[in-house]
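Secondary and tertiary structure notes
In case you want the letters, here they are:
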Amino acid sequence: MTQLVTTEEMQELDQYTMTTIGLSEDVLIERAALAALDVLGAGAYDLSNVLVLVGLGNNGADGIALARLLHQLHIPVSLQFVGNANKAKPAVKHQLQIAEACGVPRSEKSDFKQASLIIDAIFGTGLNKDLPEGLQKMVKAANHIESTVVALDLPTGVNGTTGQIMGAALKAKTTISFGFIKAGVTENPGKKSAGQVLVKDIGIVVPEDFQFSIKEQ
Ligand SMILES: NC(=O)C1=CN([C@@H]2O[C@H](COP(=O)(O)OP(=O)(O)OC[C@H]3O[C@@H](n4cnc5c(N)ncnc54)[C@H](O)[C@@H]3O)[C@@H](O)[C@H]2O)[C@@H](O)CC1
Ligand SMILES: [K+]
């Protein structure tokens, strides 16, 4: 049986786990990164030159933590910010400080063709409007090259509740869902962008009386 969630429900469960239960945001980010590392380490991906595309919210924080874990395993990896890092959420800045202290390389502009694997950590459940035009262009260019993309939580540009494409969406080979699969990756067109969808436990706690809006399937 699989329980699907809307993005609003996932945000509510994230908040409950942090605020009521008391698991810190850092713990959840680290667990998300470890869960992704688990998937990448299983052997199905070319890890010879990994590029992590990082957004300004917690999806980006997951990506930075993953880059650090890869770097510590001596896997060639670099981080590229999408947007102005100075405007990033505090969790992103914190993860960036740690990554920099560990010597994780940053690249300003990358040739997607040279990456053996692209990690999509640009947007997750926080996406609430169409991607900015510049990012839409970048996404379309990446899709054109047909690079192998692994999306963290959601492919960037897919509405996690409805599966609608918000301007443009990165086409992933695999999407690693944290906690629960978001309904949007089970409905076209989002489903097509998500590729193979996996779900990984990161320690999200569900209140006993929580009512999911989608029936378990
Ligand atoms: N505590 C948490 O909230 C956790 C979040 N996690 C990760 O964080 C993600 C959610 O993080 P966030 O809520 O920070 O959101 P995102 O990282 O998905 O997006 C970042 C922010 O961008 C802004 N935004 C939305 N649409 C935009 C657009 N079209 N153009 C420009 N800016 C836009 C919003 O303010 C949004 O909060 C999850 O998908 C998951 O990967 C996990 O680390 C587990 C814990
Ligand atoms: K993503």
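Residues numbered from 1 in each chain as written. Chains lettered and ligands numbered in written order. Predicted model: local features only at pLDDT ≥ 70, side-chain atom pairs only at ≥ 80, totals over all residues. Heavy atoms only, no water.

Thoughts on the side chain of T17
How we decide: Strands are runs of DSSP state E lasting at least 2 residues, helices are runs of H or I lasting at least 4, and numbering of each runs from the N terminus. Any two residues having at least one pair of non-hydrogen atoms within 4.5 Å are treated as being in contact.
You can see T17 is positioned in helix α1 (residues 7–21). Ignoring any residue separated from it by four or fewer positions in sequence, one finds T17 in contact with G22, L23, L28, G203, I204 and V205.

Overview of the UniProt feature "domain: YjeF N-terminal" (unreviewed entry) in the protein chain
Worth spelling out the cut-off: UniProt positions are given in the numbering used here, feature names are shortened, and annotations may be inferred rather than shown by experiment.
The feature "domain: YjeF N-terminal" (unreviewed entry), as annotated in UniProt, sits at residues 10–210 in this numbering. Annotation note: span residues 10–210, helix share 36%, strand share 15%, distance between end C-alpha atoms 12 Å.

Section: unusual backbone geometry
Rules: Only protein chains enter the accessibility calculation, which uses a 1.4 Å probe. A residue is then buried if its area is under 20% of the maximum for its type, exposed if over 50%, and partly exposed in between.
Here N188 and P189 are connected by a cis peptide whose omega angle stands at 5 degrees. Here H74, not a glycine, exhibits a phi torsion of approximately 65 degrees, which is positive. Tracing the backbone shows H74 in the loop between α3 (58–72) and β3 (77–81). Note on H74: relative accessible area 72%, which makes it exposed. With phi around 70 degrees, D153 is a residue other than glycine that occupies positive phi space. You can see D153 is positioned in the loop between β5 (149–152) and β6 (174–178).

What about the coordination of the potassium ion (ligand 2)?
Applied cut-off: Only N, O and S atoms count as donors, using a 2.8 Å limit from the metal and a wider 3.2 Å limit for Na, K and Ca, and since water is excluded some coordination spheres may look unfilled. Any coordination sphere not matching a tetrahedral pattern (four donors, all angles between 85 and 135 degrees) or a square planar or octahedral pattern (four or six donors, opposite donors over 155 degrees apart, other angles between 65 and 115) is reported as irregular.
Distances from the potassium ion (ligand 2) to its protein donors, N59 (OD1), D120 (O), D120 (OD), F123 (O), L152 (O) and L154 (O), fall within 2.6 to 3.2 Å. The site at the potassium ion (ligand 2) holds 6 donor atoms, and with the angles between them running 61 to 153 degrees, its shape is irregular.

Looking at the nonpolar core
Side chains that are nonpolar tend, in soluble globular proteins, to be buried together. Heads up, the rule is: Buried Ala, Val, Leu, Ile, Met, Phe, Trp, Tyr and Cys residues that are joined via side-chain atoms within 4.5 Å together make up what is termed a nonpolar core.
Ranked by size, the top nonpolar core spans 47 residues in total, and within it L40, V50, V52, L66, L79 and I119 carry the most contacts. Residue contributions to this core peak at 9 residues, all from helix α2 (residues 25–40). The contacts of L40, once residues within four sequence positions are left out, are Y45, L47, L66, L70, L117, I119 and V150. Counting 18 residues, the second largest nonpolar core, distinct from the first, contains L53, A115, L127 and A142.

Let's talk about the sheet that holds strand β8 (residues 196–200)
The test is simple: Each pair of strands is called paired provided DSSP finds at least two bridges between the two strands. Angles here are taken between N-to-C directions and fall from 0 to 180 degrees, while the axes themselves are lines fitted to C-alpha atoms, restricted in helices to the stretch in contact.
In spatial order, the strands read β3-β2-β4-β5-β6-β8; together these 6 strands make up an open sheet with parallel pairing. The strands lining the two open edges of the sheet, one partner per strand, are β3 and β8. Averaged over all adjacent pairs, the angle separating strand axes in this sheet is 20 degrees, with direction ignored. Of the strands in this sheet, β2 (50–54), β3, β4 (117–121), β5 and β6 touch α3, which is tilted by about 160 degrees from β3.

Focus: the environment of V54
With respect to the helices and strands, the residue V54 is situated in strand β2. On the basis of relative accessible area, V54 is assigned to the buried category, the value being 0%. Sequence separation between V54 and A67 is 13 residues; the distance between their C-alpha atoms is 10 Å. Filtering out sequence-adjacent residues up to four positions away, V54 remains in contact with G60, I64, L79, Q80, F81, V82, A121 and I122.

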